[in-house]
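Structural overview for review
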Amino acid sequence: MSVDVPATSSPSSPPSDRPRPVSIVPPGATIGILGGGQLGRMTALAARHMGYRVATLDPVPDAPCAQVADHRFTAHLDDAIAARRLAAVCDVVTYEFENVAAPVAAALEEAALVRPSSRVLAVSQDRVREKETFAALGLPVAPFRPVTSWPELEASVGVVGYPCLLKTATGGYDGKGQRWLHGPDDLSTAWEWATSHGSGCGDRGKGESARRFILEARVPFVRELSVIVARNPQGETAVYPVAENIHRRGILHVSIVPARVSAGVASRAQEFAVRLAHGLDAVGVLGLELFLTGDEVLYVNEFAPRPHNSGHYTIEACVTSQFQQHVRTVCGLPVGSTALLRPAVMVNLLGQHMSRMQASLGRLLRVEGVHLHVYGKSEARRDRKMGHVTIIAESVEEALEGAQQVWDLVRAPDDPPHVA
Ligand SMILES: Nc1ncnc2c1ncn2[C@@H]1O[C@H](COP(=O)(O)OP(=O)(O)OP(=O)(O)O)[C@@H](O)[C@H]1O
Ligand SMILES: [Mg+2]
């Protein structure tokens, strides 16, 4: 069920955008989600609020999104036949995970409405293409070089300098598939790691073994930031407040909103996200990660063409959540207000936090302004994202106090005592 209507031009459309017919997918229709994780689950729940039906494809039958979907397809994400079966019952297909095989998405596009496009997906899957795209759009990036061989690695450190970071071009997430080089002594061990590593990066990586890497200069950042932006097929955009993110062991730990940065930095970061969304002709929600240095220089690091972990705060703290926004935009509906209702702090709950969380529920749920989200994953493995907590308050300081109370209840023995 989708209807073609002429697009109206909007104030945020770039001037070159001509009105073109756009497929609108109204409530009552079915949204297909490739990937069955927590991002799919929260998207599906937002879709259901709006009267959509949801179909999902994931190798795990009881995956978080499958638990709340109307139709479940159990197959690997690069199973093109299963993806076509899913598309056959859907009016629009989207992703909750950017390592869905781009050729599968491209093949689906011939038979179904796929948003965002497989082209956007392909850019996000390859760090070299991603950085080249940023640079072509005039977005500031740290010096980088593609690396596919030992001579290229040697030549690239000469250009990029130490310290630098060797990352697999594809398949990485949560800091997996990365190796620091601090000086010439690290060069040969880094290459040994690279040649034995390939691009397979854990249970959500694609597991392909092509040896393509990117070498990036280290950005001496003082803050990591992210911006969520939504764009519909008509070219209308909406950008969220900037989040300040703290990672621990490469995994997002806490997001603080609004970020404690100057208004100038915040608006530049938001402008970069909007420019990227337009530049990619992206449809849906997109999360852009950035670094901020001590002298207020911003560097763009990477983006994900889907709702982002650092945007979970939008569920309670914004007029329109990133998940509802994703549904609106992939369905060709108007973007919603991104206004921040209250400052917020989000804390991720990993496998090692779950038993303490369960044991302290009585106290945790009494923390002022707390909202608990649990994703329904059966196995609480260490470092696996199992849920999150968002605390909303009158100020960032108050929200951080609430986050500290939650952290005191859930943190594992080897976690630092301070939440942020
Ligand atoms: N060029 C850099 N300079 C300094 N630190 C970096 C650089 N690149 C990455 N990092 C650090 O490593 C973390 C993970 O890197 P990045 O975000 O590129 O990869 P990822 O594993 O795909 O992460 P995600 O889970 O966000 O997708 C960053 O959040 C940052 O802390
Ligand atoms: Mg990242």
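Figured I'd write up the structure that's included with this text.

The immediate surroundings of ligand 1 are formed by 21 residues, with K167, D174, G175, E224 and E302 found nearest. A distance of 3.0 Å separates a nitrogen atom of ligand 1 from a polar backbone atom of A217. E224 has a polar side-chain atom sitting 2.6 Å from an oxygen atom of ligand 1. For ligand 1, the accessible surface in isolation is 610 Å², of which the surrounding protein chains cover 90%. The set of elements that each furnish at least two residues to the shell around ligand 1 consists of β8 (164-168), β9 (178-181), β10 (213-217), β11 (221-231), β15 (284-293) and β16 (298-304).

Glancing now at the coordination of the magnesium ion (ligand 2). Looking at the magnesium ion (ligand 2), one finds its protein donor set to be E289 (OE) and E302 (OE), positioned 2.0 Å from the metal centre. Of this pair, E289 sits in strand β15 while E302 sits in strand β16, and the two are 13 residues apart along the sequence. Given a relative accessible area of 16%, E289 falls into the buried group.

Here we take up the packing of helix α1 (residues 38-49) against helix α10 (residues 322-330). Their axes nearest at 8 Å, the elements α1 and α10 cross at an angle of 70°. Considering their axes alone, α1 and α10 lie roughly perpendicular with respect to each other. Note that α1 runs across α10; the crossing there is right-handed. Seen from α1, the contacting residues are L39, M42, T43, A46 and A47; seen from α10, they are F323, Q324, H326 and V327.

When the terminal C-alpha atoms of α1 are compared, their 17 Å separation across 12 residues agrees well with the 16 Å that a helix rising 1.5 Å per residue should span. Counting buried residues in α1 gives nine out of 12 residues, a clear majority hidden from the surface. Elements in contact with the buried residues of α1: β3 (30-34), β4 (53-58), α9 (314-317), α10, β18 (370-374) and β19 (385-392). G51 sits one or two positions beyond α1 and adopts a positive phi of about 85°.

The subject of this paragraph is the packing of aromatic side chains. In the structure shown here, the tally under the stated rule is four aromatic pairs. Pairing W191 with F213 gives two aromatic rings, centres 6.1 Å apart and planes at 65°, and the pair type is edge-to-face. Of this pair, W191 sits in helix α7 (residues 187-197) while F213 sits in strand β10; the two residues are 22 residues apart in sequence, bridging distant segments of the chain. Across the pair, exposure class does not vary: W191 and F213 are buried alike. Ring plane angle 55° and centroid distance 6.2 Å describe the contact between W193 and F213, whose orientation is recorded as tilted. Of this pair, W193 sits in helix α7 while F213 sits in strand β10, and the two are 20 residues apart along the sequence. On the accessibility criterion, W193 (13% relative accessible area) is buried. The buried category is assigned to F213, whose relative accessible area is 1%.

Cut-offs applied
By convention here, each chain's residues receive numbers from 1 onward along its written sequence. In the order they appear in the text, chains get letters beginning with A and ligands get numbers beginning with 1. Reporting of local features is limited, given that this is a predicted model, to residues whose pLDDT is at least 70; pairs of side-chain atoms are given and counted only at 80 or more, and all residues count toward the totals for whole chains, interfaces and linings. Processing note: side-chain calculations cover all non-hydrogen atoms of the structure and skip hydrogens and water entirely. Any residue with a heavy atom positioned within 4 Å of a molecule or strand is treated as near that molecule or strand. Each polar contact in these results corresponds to two N or O atoms within 3.5 Å; when the atoms are within protein, one needs to be able to donate a hydrogen and the other to accept it, and residues that are neighboring in sequence are counted only if both atoms are side-chain atoms. Accessibility throughout is a Shrake-Rupley quantity obtained with a 1.4 Å probe, and a residue counts as covered only by protein chains that appear here. Put simply, DSSP marks the helices as runs of H or I at least four residues long and the strands as runs of E at least two long, and each gets a number from the N terminus on. Each metal's donors comprise the N, O and S atoms found within 2.8 Å of it (within 3.2 Å for Na, K or Ca). Water is not part of the atom list, so some coordination spheres may appear incomplete. Throughout this description, buried means an accessible area under 20% of the type-specific maximum (1.4 Å probe, protein chains only), exposed means over 50%, and partly exposed covers the range between. Where helices are involved, their axes are fitted lines through C-alpha atoms of the stretch in contact, as for all axes, and angles between N-to-C directions lie from 0 to 180°. Note that the term roughly parallel is reserved for angles under 35 degrees, roughly antiparallel for angles over 145, roughly perpendicular for angles of 65 to 115, and oblique for everything else. Take the far helix as your reference; a near helix turned counterclockwise from it by less than a right angle gives a left-handed crossing, and one turned clockwise gives a right-handed crossing. Residue contacts are counted whenever heavy atoms from the two residues lie within 4.5 Å of one another. Expected helix span is taken as 1.5 Å per residue step, with the number of steps being one fewer than the number of residues. Working definition: rings of Phe, Tyr and Trp (its six-membered ring) pair if their centres are within 6.5 Å, and the pair is stacked with planes under 30 degrees apart, edge-to-face with planes over 60 apart, and tilted otherwise.

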